[in-house]
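An overview of the molecular structure
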Amino acid sequence: MKGHEIIELLGTFLQGNELIVGSNGNISRQVFHCLPRPQVYLRGSMGLPMAVGLGLAISQPDRKVIVITGDGNFLMGLGSMSTVSSLKPSNLKILIIDNELYATTGGQPTVSSVINYETMIRGIGVETTVSIQSNDNKTVIQEKLNWLLKGNGLQILHVKVQPGDPPFENIPWHPKKIKNEFMSRIST
C-alpha cells in the first residue's frame, strides 16, 4: 500500500468528530483532499506534528486527536515524543506513515530502514504501539487501523508503505483560512 491509500482507508473508520493534524508536505495535502475538512494542515513545521497534536489533545480532552505524520517528520520530532509519553493524553492517536523517504523535498532517504519503531517507541515509554508491514494484507491493516481509532489511551501505529504516492494538489487555503476554519469547527 501507498501512504495516501492508508489515509483514504483511515477515512472509512472516522466518526466525523475527530481532530486531525496532518504533518507538513505531502501528508497535509493528502489529509486535505482525502479526509473531512477542516483539519490542521501544517506547513513549514518539520518535526512539530506531535507537539501540535499534544497541545490540541490537552485543550480538547473530550475529542479524539489523530496526528498523521511521515517517518522523517516523526524522527525530527522525537523530542516532543518524550513529552507526549510523559503526559500520555488518552485521546491522542499517532499514525506514522513510513516510506523511508523525505518525499516532499525530493525523495532523500531517511534513516527509517534501520529503526525498529515499536522498540524505539516503547523505549520512550509508550507501550501501546503496533506496526503494519508493507506486505500485510488488507484485513490486518483494517484491524490495526480499527485498533488505533477504537482503543483506549495514547496509541501509536507505525505503517510501512511503498513510496511513490501520486502528486496531490497544493492546499488552496491560506494559512489564516486554515486556522480560522479549524478554530470555527472546534468552537462549535
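Quick caveat: nothing in here was measured; it's all calculated off a predicted structure.

Residue proline 38 is reached from arginine 37 by a cis peptide bond, and omega for that bond is -5°. Its place among the elements puts proline 38 in the loop between helix 2 (26-34) and strand 2 (40-41). For lysine 88, which is not glycine, the phi dihedral falls at a positive 40°. When you line up the elements, lysine 88 lands in the loop between helix 5 (78-87) and strand 4 (92-98). Lysine 88 gets classed as partly exposed once you look at its relative accessible area, which sits at 41%.

A few words now on the sheet that holds strand 8 (residues 155-160). Spatially, six strands are ordered 2-1-3-4-8-7 in an open sheet, and the strand pairing comes out parallel. Each having just a single partner strand, strand 2 and strand 7 (129-132) make up the two edges of the open sheet. Relative to strand 2, strand 1 (residues 19-22) is paired through two bridges, and the arrangement is parallel. Pairing of valine 21 across the sheet is with valine 40, part of strand 2. Its contacts with the sheet put helix 6 (residues 117-124) on strand 4, strand 7 and strand 8, and the angle it makes with strand 7 is roughly 165°.

Burial analysis of strand 3 (residues 65-70) places six of its six residues in the buried class, which makes it a mostly covered element. Judged by which residues are buried, strand 3 turns out to be covered on both faces: Val65, Val67 and Thr69 on one side and Ile66, Ile68 and Gly70 on the other are all buried. Sheet topology note: the strand 1/strand 3 ladder contains four bridges and is parallel. Paired with leucine 19 across the strands is valine 65, a residue of strand 3. Here six bridges tie strand 3 to strand 4, and the two strands are oriented parallel to one another. From the neighbouring strand, isoleucine 68 faces strand 4, where its bridge partner is leucine 95.

Reading guide: rules and limits
Residues numbered from 1 in each chain as written. Predicted model: local features only at pLDDT ≥ 70, side-chain atom pairs only at ≥ 80, totals over all residues. Heavy atoms only, no water. Helix = DSSP H or I, 4+ residues; strand = E, 2+ residues; numbered from the N terminus. Buried < 20%, exposed > 50% of the residue type's maximum accessible area, 1.4 Å probe, protein only. Pairing = 2+ DSSP bridges. Contact = heavy atoms within 4.5 Å. Axes fitted to C-alpha atoms, helices over the stretch in contact; angles between N-to-C directions.

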